[in-house]
Amino acid sequence: MRPHVSIDIQLSEDDLAAALRADVLRGLTGSRKWLPSKWFYDAQGSKLFEAIAELPEYYPTRTERTLLRRSADAIASAAADAGELIELGSGSSEKTRLLLTALGAHKSLKSYLPQDVSESALRAAVTWIHEEYPELAVHGVVSDFTSMLHTLPRGDRRIIALLGGTLGNLVPEERADFYRCVHEVTEPGEQLLLGVGLVVDPAVMVPAYDDAAGVTAEFNRNILHVVNQRLGADFEPDRFAHIAVWDPDNEWIEMRLEATADMSVTVAELDLVVEFAAGEQLRTEISAKFRLTEFHRELETCGFQVQHSWTDSDDRFALVLACRG
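Because the structure is a prediction, the values reported are computed rather than measured.

## A word on the sheet that holds strand E1 (residues 5-9)
Strands pair in a sheet through their backbones, by hydrogen bonds, and they do so in one of two ways: parallel or antiparallel. Pairing within the open sheet is mixed, and its eight strands lie in the order E1-E4-E3-E2-E5-E6-E13-E12. Looking along the sheet, the strands with just one partner apiece sit at the ends: E1 and strand E12 (304-311). The sheet shows a mean angle of 20 degrees between the axes of neighbouring strands, direction not considered. In this sheet, strand E13 (residues 317-324) lies alongside E12 in antiparallel orientation, the contact comprising seven bridges. Residue pairing in the sheet places Phe 304 in a bridge with Arg 324 of E13. Sheet strands in contact with helix H5 (residues 119-132) are E1, strand E3 (111-116) and strand E4 (137-142), and its direction is about 175 degrees off that of E4. Seen against the sheet, helix H9 (residues 292-301) touches strand E6 (191-197), E12 and E13 and runs at an angle of roughly 155 degrees to E12.

This is the structure in structure tokens:
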């Protein structure tokens, strides 16, 4: 009998709609306007990000993939008795096959739990994972890992992975909340695998978020299309300029949209009118970059013991394996 396949929907379309309304209301009425980057990823946004990942300027995805390919066996050896791999924000699970193959060679891995907010992406991933790894039980969970980690099922000697530099999209307070929640839902000795971008020359980092072809600009403006489509807003995305800057104090890239003229925007479902002055900026994403020694200290402060780190040959990206103390 083949291991079972299932999907647990813990976040409905109504839940997502309510979360979007709350985020847009909070973000557009603050002293500095912002929108959470998770709302980039409707179908069009996901397609645009796939295109970004292939751009010559966008090194993070291919660097992490190469690093995973080179380090997967070492990661698996350090997690040789893991019974379950949980991947947060799994998306298509495309890079995950490198880990699954390596972990599977140790025979202890029995199940894979991909988690994502997108039910369609999750269903597609679960299908191909089950076909490629028929010996694994696959249990997809539709949820938001930033607020719903406590709903993940308890397993047998789990390793939790958050790849793709996604951790860098969280401000320090949110990262601390994430570590606290992971600590609460894991047992001593269970492991956490994180993929993070490292601080390098801004001349390398900034173009990765402001490519010459303008694909990232289109991706950035897509968040306004999402608000228009889902909340009946009347943003004119082409009247906002894409900006990517390096913040040396916080050591993160900020993506922003800048109003090119004075304008009023109505968000019908919120009964909200938002005024933008020419030159006013709306923050849509941060992408924090880390220094490895300080990142280790951050993890250890939050109750995790760093076991191993792997970096690429240019020290642009790191995979860090830690265990819950």
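## Notes on the layout of surface pockets
Its volume calculated, the second largest pocket comes out at about 160 Å³. Lining the second largest pocket are Pro 172, Arg 175, Asn 250, Glu 251, Trp 252, Ala 288, Lys 289, Phe 290, Arg 291, Glu 294, Phe 295 and Glu 298. Those elements that provide at least two residues to the lining of the second largest pocket are helix H6 (172-185) and H9. Of the residues forming the lining of the second largest pocket, the biggest block, three residues, is contributed by H9. Residue composition of the lining of the second largest pocket, grouped by class: five nonpolar, one polar and six charged.

## Topic: the packing of aromatic side chains
All chains considered together, the criterion is met by 14 aromatic pairs. Judged by centre distance (5.9 Å) and plane angle (80 degrees), the rings of Phe 49 and Tyr 58 are edge-to-face. Among the residues examined, Tyr 58 registers a relative accessible area of 7% and is labelled buried. Taking 6.0 Å as the distance between ring centres and 55 degrees as the angle between the ring planes, the aromatic pair formed by Phe 178 and Tyr 179 counts as tilted.

## A look at the packing of helix H1 (residues 13-28) against helix H8 (residues 215-231)
Orientation of H1 relative to H8, taken along the N-to-C sense of each, is 120 degrees, at an axis distance of 11 Å. What the angle tells us is that H1 and H8 run oblique. You can see that H1 and H8 cross each other, and the crossing is left-handed. Contact residues: Leu 20, Arg 21 and Val 24 in H1; Val 227, Arg 230 and Leu 231 in H8. Broken down by class, the residue content of the contact of H1 with H8 amounts to four nonpolar, no polar and two charged.

## Focus on the UniProt feature "domain: Histidine-specific methyltransferase SAM-dependent" (unreviewed entry) in the chain
Feature annotation in UniProt assigns "domain: Histidine-specific methyltransferase SAM-dependent" (unreviewed entry) to the following positions: residues 21-322. The distance from the first to the last C-alpha atom of residues 21-322 is 36 Å, and the span holds 35% helix and 25% strand.

## Comments concerning the pattern of salt bridges
For the coordinates displayed, the defined rule picks out 19 salt bridges. The salt bridge partner of Arg 283 is Glu 254, with a shortest N-O separation of 3.6 Å. Of this pair, Arg 283 sits in strand E11 (residues 281-288) while Glu 254 sits in strand E8 (residues 252-259), placing them 29 residues apart in sequence. The exposure class assigned to Glu 254 is buried, which follows from its relative accessible area of 2%.

## Examining the environment of Glu 174
The topology assignment puts Glu 174 in helix H6. Looking at Glu 174, the relative accessible area reads 38%, which means it is partly exposed. A sequence separation of 28 residues divides Glu 174 from Thr 146, and the C-alpha atoms of the two residues are 8.1 Å apart.

## Things to note about H6
For an α-helix the count is 3.6 residues per turn, leaving residues at separations of three or four pointing the same way. If you check H6, its first and last C-alpha atoms are 20 Å apart, about what 14 residues at 1.5 Å a residue would give, namely 20 Å. Regarding H6, the residues found buried are Arg 175, Phe 178, Tyr 179, Val 182 and Val 185. Relative to the axis of H6, the buried residues are bounded by an arc of 140 degrees and lie together on one face.

Thresholds, definitions, all that
Residues numbered from 1 in each chain as written. Predicted model: local features only at pLDDT ≥ 70, side-chain atom pairs only at ≥ 80, totals over all residues. Heavy atoms only, no water. Pairing = 2+ DSSP bridges. Helix = DSSP H or I, 4+ residues; strand = E, 2+ residues; numbered from the N terminus. Axes fitted to C-alpha atoms, helices over the stretch in contact; angles between N-to-C directions. Contact = heavy atoms within 4.5 Å. 1 Å grid on protein atoms, 1.4 Å probe; cavity = no way out; pocket = protein on both sides within 12 Å on 5 of 7 lines; lining within 4 Å. Points joined across faces, edges and corners; volume = space filled by probe spheres on them. Nonpolar A, V, L, I, M, F, W, Y, C, P; charged D, E, K, R; others polar. Phe/Tyr/Trp six-rings, centres within 6.5 Å; stacked < 30°, edge-to-face > 60°. Buried < 20%, exposed > 50% of the residue type's maximum accessible area, 1.4 Å probe, protein only. Parallel < 35°, antiparallel > 145°, perpendicular 65-115°, else oblique. Left-handed = near helix turned anticlockwise from the far one by under 90°. UniProt positions renumbered as here; feature names shortened; annotations may be inferred. Salt bridge = Lys/Arg side-chain N within 4 Å of Asp/Glu carboxyl O. Expected span 1.5 Å × (residues − 1). Arc of directions from axis to C-beta.

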